[in-house]
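Descriptive structure summary
Residues per chain, in single letters:
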Amino acid sequence: MTIASEDPVKFAYWVPNVSGGLVVSKIEQRTDWGIEYNRQLAQLAEQRGFEYALSQVRYMASYGAEYQHESTGFSLALLLATEKLKVIAAIHPGLWQPGVFAKLGASADVISGGRFAVNVVSGWFKGEFQALGEPWLEHDERYRRSEEFIRVLKASWTEDEAEFSGDFYNLHGYTLKPKPLQKPHPEIFQGGNSTAARQMAGRVSDWYFMNGNSFEGVRNQIEEVSAYAVAAGRRPGSDIRFGLNAFIVARDSESEAREVVEEIVAKADREAVEGFGAAVKQAGQSTSDGRGMWQDSEFKDLVQYNDGFRSGLIGTPEQVARRILEYRKLGVGLILSGFLHFQEEVDYFGEKVLPIVRELEAELGVQEPVALATAAPVA
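Residues numbered from 1 in each chain as written. Predicted model: local features only at pLDDT ≥ 70, side-chain atom pairs only at ≥ 80, totals over all residues. Heavy atoms only, no water.

Comments concerning the overall build of the protein chain
Each helix and strand in the protein chain was counted, giving 12 helices and 12 strands. Within the protein chain, buried positions represent 57% of all 379 residues. Here the protein chain displays about 14,800 Å² of accessible surface, and carbon together with sulfur accounts for 49% of that area. (Helix = DSSP H or I, 4+ residues; strand = E, 2+ residues; numbered from the N terminus. Buried < 20%, exposed > 50% of the residue type's maximum accessible area, 1.4 Å probe, protein only. Areas by Shrake-Rupley, 256 points an atom, 1.4 Å probe, with all protein chains shown as cover.)

As for the sheet that holds strand 3 (residues 86-91)
The strand order around the closed barrel built from eight strands is 1-2-3-4-7-8-9-12, with neighbouring strands paired in parallel fashion. Each neighbouring strand pair of the sheet contributes to a mean axis angle of 30°, computed without reference to strand direction. Most of the contacts of helix 12 (residues 342-364) go to strand 1 (residues 10-15), to which it runs at about 170°, and overall it touches strand 1 and strand 12 (332-338). (Pairing = 2+ DSSP bridges. Axes fitted to C-alpha atoms, helices over the stretch in contact; angles between N-to-C directions. Contact = heavy atoms within 4.5 Å.)

A short note on the pattern of salt bridges
Within this structure, the stated rule accounts for 24 salt bridges. Note that Glu-36 is salt-bridged to Arg-39, the shortest N-O span being 3.1 Å. Here the residue Glu-36 and the residue Arg-39 both occupy positions in helix 1 (residues 35-47), the gap between them amounting to three residues, near one helical turn. By relative accessible area, Glu-36 is classed as partly exposed at 43%. Residue classification places Arg-39 among the partly exposed residues on the basis of a relative accessible area of 30%. Note that Glu-326 is salt-bridged to Lys-329, the shortest N-O span being 3.3 Å. One end of the pair is Glu-326 and the other is Lys-329, both in helix 11 (residues 317-330) and three residues apart, which spans about a single turn. Exposure remark for Glu-326: the relative accessible area of 35% places this residue in the partly exposed category. What you see here is one network of salt bridges that share partners, running through Glu-28, Arg-30 and Glu-344. (Salt bridge = Lys/Arg side-chain N within 4 Å of Asp/Glu carboxyl O.)

So, the packing of helix 5 (residues 139-158) against helix 6 (residues 195-204)
In a pair of packed helices, the angle between the axes and the distance between the axes together describe the arrangement. Where helix 5 meets helix 6, the axes come as close as 9 Å, and the angle between the chain directions of the two elements is 15°. The angle between helix 5 and helix 6 places the two elements in the roughly parallel class. Considering how the two elements wind past one another, helix 5 and helix 6 form a crossing that is right-handed. Across from His-139, Asp-140, Tyr-143, Ser-146, Glu-147, Ile-150, Arg-151 and Lys-154 in helix 5, the residues of helix 6 making contact are Ala-196, Ala-197, Met-200, Arg-203 and Val-204. Its residues placed into classes, the contact of helix 5 with helix 6 shows six nonpolar, two polar and five charged. (Parallel < 35°, antiparallel > 145°, perpendicular 65-115°, else oblique. Left-handed = near helix turned anticlockwise from the far one by under 90°. Nonpolar A, V, L, I, M, F, W, Y, C, P; charged D, E, K, R; others polar.)

Here we look at the environment of Ser-226
Tracing the backbone through its elements, the reader meets Ser-226 in helix 7 (residues 215-231). C-alpha of Ser-226 to C-alpha of Pro-236: the two residues are 10 residues apart in sequence and 5.3 Å apart in space.

Details of the nonpolar core
Counting residues in hydrophobic clusters, the biggest one holds 110 residues, and the most contacted among them are Tyr-13 and Ile-335. When residues in this core are grouped by element, the largest group, nine residues, is from helix 12. (Core = buried A, V, L, I, M, F, W, Y, C linked by side-chain atoms within 4.5 Å.)

Section: the packing of aromatic side chains
Think of a pair of aromatic rings as described by two things: how far the centres are apart, and how the planes are tilted against each other in angle. Counted according to the given criterion, the structure contains 21 aromatic pairs. On the basis of an interplanar angle of 75° and a centroid distance of 5.3 Å, the ring pair of Trp-96 and Phe-101 is categorised as edge-to-face. Each member of the pair, Trp-96 as well as Phe-101, is classed as buried. When the ring of Phe-149 is compared with that of Tyr-169, the centres are 5.9 Å apart and the planes differ by 75°; the resulting orientation is edge-to-face. Pair noted here: Phe-149 is in helix 5 and Tyr-169 is in the loop between strand 5 (162-165) and strand 6 (170-174), with a separation of 20 residues, a long-range link. The exposure class assigned to Phe-149 is buried, which follows from its relative accessible area of 0%. Three or more aromatic residues joined by ring pairs form one cluster here, namely Phe-11, Tyr-13, Phe-50, Phe-339, Phe-342 and Phe-349. One residue, Arg-270, lies across the ring of Phe-299, its end atom 4.1 Å from the ring centre. Above the face of the Phe-215 ring, Arg-323 is positioned so that its terminal group lies 4.3 Å from the ring centre. (Phe/Tyr/Trp six-rings, centres within 6.5 Å; stacked < 30°, edge-to-face > 60°. Lys NZ or Arg CZ within 6 Å of the ring centre and 35° of its normal.)

Some thoughts on the confidence of the model for the protein chain
In regions of low pLDDT, the predicted coordinates are not meant to be interpreted in detail. Averaged over every residue, the pLDDT of the protein chain is 91; residues scoring 70 or more account for 89%. Note that residues 366-379 has pLDDT below 50 and, in this model, 28 contacts with residues that lie over four places away or in other chains. (pLDDT = per-residue confidence, 0-100.)

Below you can see the structure in the form of structure tokens.
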């Protein structure tokens, strides 16, 4: 099975459309959740070589995130402020009807010239659903619903008089016009560590986001999801690709970078981190095999929402770039980046780190696909 792509590794950043930044810490963060800051950030990011931005989805205050802008509207605003950047809107099945969202996505894709994407989030925050009066499904059922949601999106975006019959959603001759500009459809992302999430990614998603992890952890996830994809008749590396979350701290010296991480953790909002940890671990423990998100996350990992410190992109520009290349060799096609001071650090990354990444890729020439053993899907 070949996984590694010959394409250069792509870079995305978390859109700070939620207050509190990307760490649950009282450290100073020169990052703003407002629209003007984010317009400027999006314009800077595309100038510095970032290809994607991911708008977060939160519907109410929680764990240090007091204020939140709605993800789809915010994404469209960033698309209209940029020329090349693709913007990924995170959304929750259960709070959206998929045919209606498909209509929104098609319009956003046409308006932006083919730059809209979606991240389907199955959900961990029970309190949001309860506050909105919506049912909170058992863990694996949430992923079953998400898979149907994606299948309805694809049908709506690619078929006339689309039909779908499922346990959660149905289409009866639905024709959406205009269709999206992107063919066959806008890119569909998803995350999740559980077996249900990995199986769903192998069957239906275009990109699978992994929480921050070690080389070995990333290799194991890619192998497993790739095996599910093959079993579904899909090709790893093309039909399904892999993104990795990383909180990047690049500084002129390694000691400076590590001191920043130590200060973030030392100034962590302990009450918020522990509350977040309790909520997400409860969600993960409800999986059929106890293998959900954040199950082995320690306090330090939870200070950065998606285990971003674990990816180890901490150090000098060259150290960070070389580690990115090692992940690329494993099959990681996209780095989803978080930063402490977004505008300043996106600028630094684009000026100091990204050129080294491209130089290292050029030294490799045409990357030989990495052969991975075809593991049998885990039941």
